[in-house]
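Here is what each chain is made of, one letter per residue.
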Amino acid sequence: MTYSPKLAAALSGATLRQLAHWRKAVPGREAVLVPEVSGERPILYSFRDVVALRTCVKLRNDASLQKIRRALDTLRGDLREADHLSSYKLVADESTIYLAEPDQAVDLVRRRAHVVLHEMVDVLRPFYRDGRHIPDLLRPREHVSVDPAVRGGMPVIQGTRVPYDEVAALLRDGVPAEKISDYFPSVTAMAARSAVDFADYVDSYDPPREPREAAAG
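From a predicted model like this one, the values you see are computed outputs, not experimental measurements.

**Considerations on the layout of surface pockets**
Here's step 1: Considering only enclosed or pocket space, the second largest pocket measures out at about 300 Å³ in volume.
Here's step 2: In this structure, the second largest pocket is lined by 14 residues; those nearest its centre are Ala14, Thr15, Leu16, Arg17 and Tyr205.
Here's step 3: Here the lining of the second largest pocket gets three residues from one element, more than from any other, and that element is helix α2 (residues 16–22).

Now the structure itself:
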């Protein structure tokens, strides 16, 4: 399973503009995150990429992008950590960004070790970014789940292998939620409503349409 930029944005809380910006290197610094599936069109993210993106979005609540890039440079360059970004627990406060390890925390901005962290944040749990509620990654809606072992992480109806977007498409085409079991026997009406609610949320990440130019003449 791979994730389009729009679905990766919806599951991570990043905007499409942020994803595009984070894919690019800047003078003297590496890109924040290049999709491991495809960094060129069509852009495709992995499940690990989405987890890493959620980390970056949460860091942006307390740290500037410049500070995040500096911390990643320390992580990748000075500490020579080469694993996928999703493998690390990164935590920010108003002054710096830490790499949290079992026996210590390393200040990646001021480059100090053995720092005491008072709070750890689970990047998979729900959070808020710019007033928007970013759902739980593994349970973005009550009846919608994301499991890398089920369809590679495609959001599906909880307890099934039915993709949420196929159910949502039927409701949008006018099929009543109470009739969805005629098409997918394992999907309840409540689950169908959850699917279309999540689809609406995902679609809210569509870029705004530019107004058409007035026809000449």
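**As for the packing of helix α1 (residues 5–12) against helix α3 (residues 47–60)**
Here's step 1: Orientation of α1 relative to α3, taken along the N-to-C sense of each, is 50°, at an axis distance of 9 Å. On the basis of the axis angle, α1 is oblique to α3. Both α1 and α3 take part in a crossing whose hand is right-handed. Together, Ala8, Leu11 and Ser12 of α1 and Val50, Leu53, Arg54 and Val57 of α3 make up the contact between the two elements.
Here's step 2: Here the residues of the contact of α1 with α3 are counted per class, giving five nonpolar, one polar and one charged.

**Structural notes on α1**
Here's step 1: Among the eight residues of α1, six are classified as buried, and the element is accordingly described as predominantly covered.
Here's step 2: Residues of α1 that are buried: Leu7, Ala8, Ala9, Ala10, Leu11 and Ser12.
Here's step 3: In the segment just after α1, Gly13 is the residue with positive phi, at about 95°.

**Describing the environment of Arg161**
Here's step 1: Position of Arg161 relative to the elements: it lies in the loop between β7 (156–157) and α5 (164–172).
Here's step 2: Residues Arg161 and Ala20, spaced 141 residues apart in sequence, show a C-alpha to C-alpha distance of 31 Å.
Here's step 3: Setting aside residues no more than four positions away along its own chain, Arg161 makes contact with Val150, Arg151 and Val156.

**Some points on the pattern of salt bridges**
Here's step 1: All told, the structure shown has twelve salt bridges when counted by the stated rule.
Here's step 2: Here Lys6 makes a salt bridge to Asp206, at a shortest N to O gap of 3.3 Å. Residue Lys6 is found in helix α1, and its partner Asp206 is found in the segment after α6 (189–203); the two are separated by 200 residues along the sequence.
Here's step 3: A salt bridge links Glu30 to Arg76, with the shortest nitrogen-to-oxygen separation between them at 3.8 Å. With a gap of 46 residues between them, Glu30 in the loop between α2 and α3 and Arg76 in helix α4 (residues 65–78) connect regions that are remote in the sequence.
Here's step 4: A single salt-bridge network, built from bridges that share partners, covers Lys6, Arg172, Asp200, Asp203 and Asp206.

**Quick look at the packing of α1 against α6**
Here's step 1: Relative to each other, α1 and α6 sit at 105°, their axes nearing to 8 Å. Accordingly, the angle class assigned to the pair α1 and α6 is roughly perpendicular. For the pair formed by α1 and α6, the contact residues are Lys6, Leu7, Ala10 and Leu11 on the first element and Phe198, Tyr201, Val202 and Asp203 on the second.
Here's step 2: For the contact of α1 with α6, the residue count by class is six nonpolar, no polar and two charged.

**What about the nonpolar core?**
Here's step 1: Grouped together as the largest cluster of nonpolar side chains are 64 residues, with contacts concentrated most on Tyr3, Leu90, Ile97, Tyr164, Val167 and Val187.
Here's step 2: Those elements giving two or more residues to this core turn out to be α1, α2, α3, α4, β1 (89–92), β2 (97–100), α5 and α6.
Here's step 3: Setting aside residues up to four positions removed in sequence, Val187 forms contacts with Ile157, Val162, Val167, Ile180, Ser181 and Ala192.

Rules behind the numbers
- Residues numbered from 1 in each chain as written.
- Predicted model: local features only at pLDDT ≥ 70, side-chain atom pairs only at ≥ 80, totals over all residues.
- Heavy atoms only, no water.
- 1 Å grid on protein atoms, 1.4 Å probe; cavity = no way out; pocket = protein on both sides within 12 Å on 5 of 7 lines; lining within 4 Å.
- Points joined across faces, edges and corners; volume = space filled by probe spheres on them.
- Helix = DSSP H or I, 4+ residues; strand = E, 2+ residues; numbered from the N terminus.
- Axes fitted to C-alpha atoms, helices over the stretch in contact; angles between N-to-C directions.
- Parallel < 35°, antiparallel > 145°, perpendicular 65-115°, else oblique.
- Left-handed = near helix turned anticlockwise from the far one by under 90°.
- Contact = heavy atoms within 4.5 Å.
- Nonpolar A, V, L, I, M, F, W, Y, C, P; charged D, E, K, R; others polar.
- Buried < 20%, exposed > 50% of the residue type's maximum accessible area, 1.4 Å probe, protein only.
- Salt bridge = Lys/Arg side-chain N within 4 Å of Asp/Glu carboxyl O.
- Core = buried A, V, L, I, M, F, W, Y, C linked by side-chain atoms within 4.5 Å.

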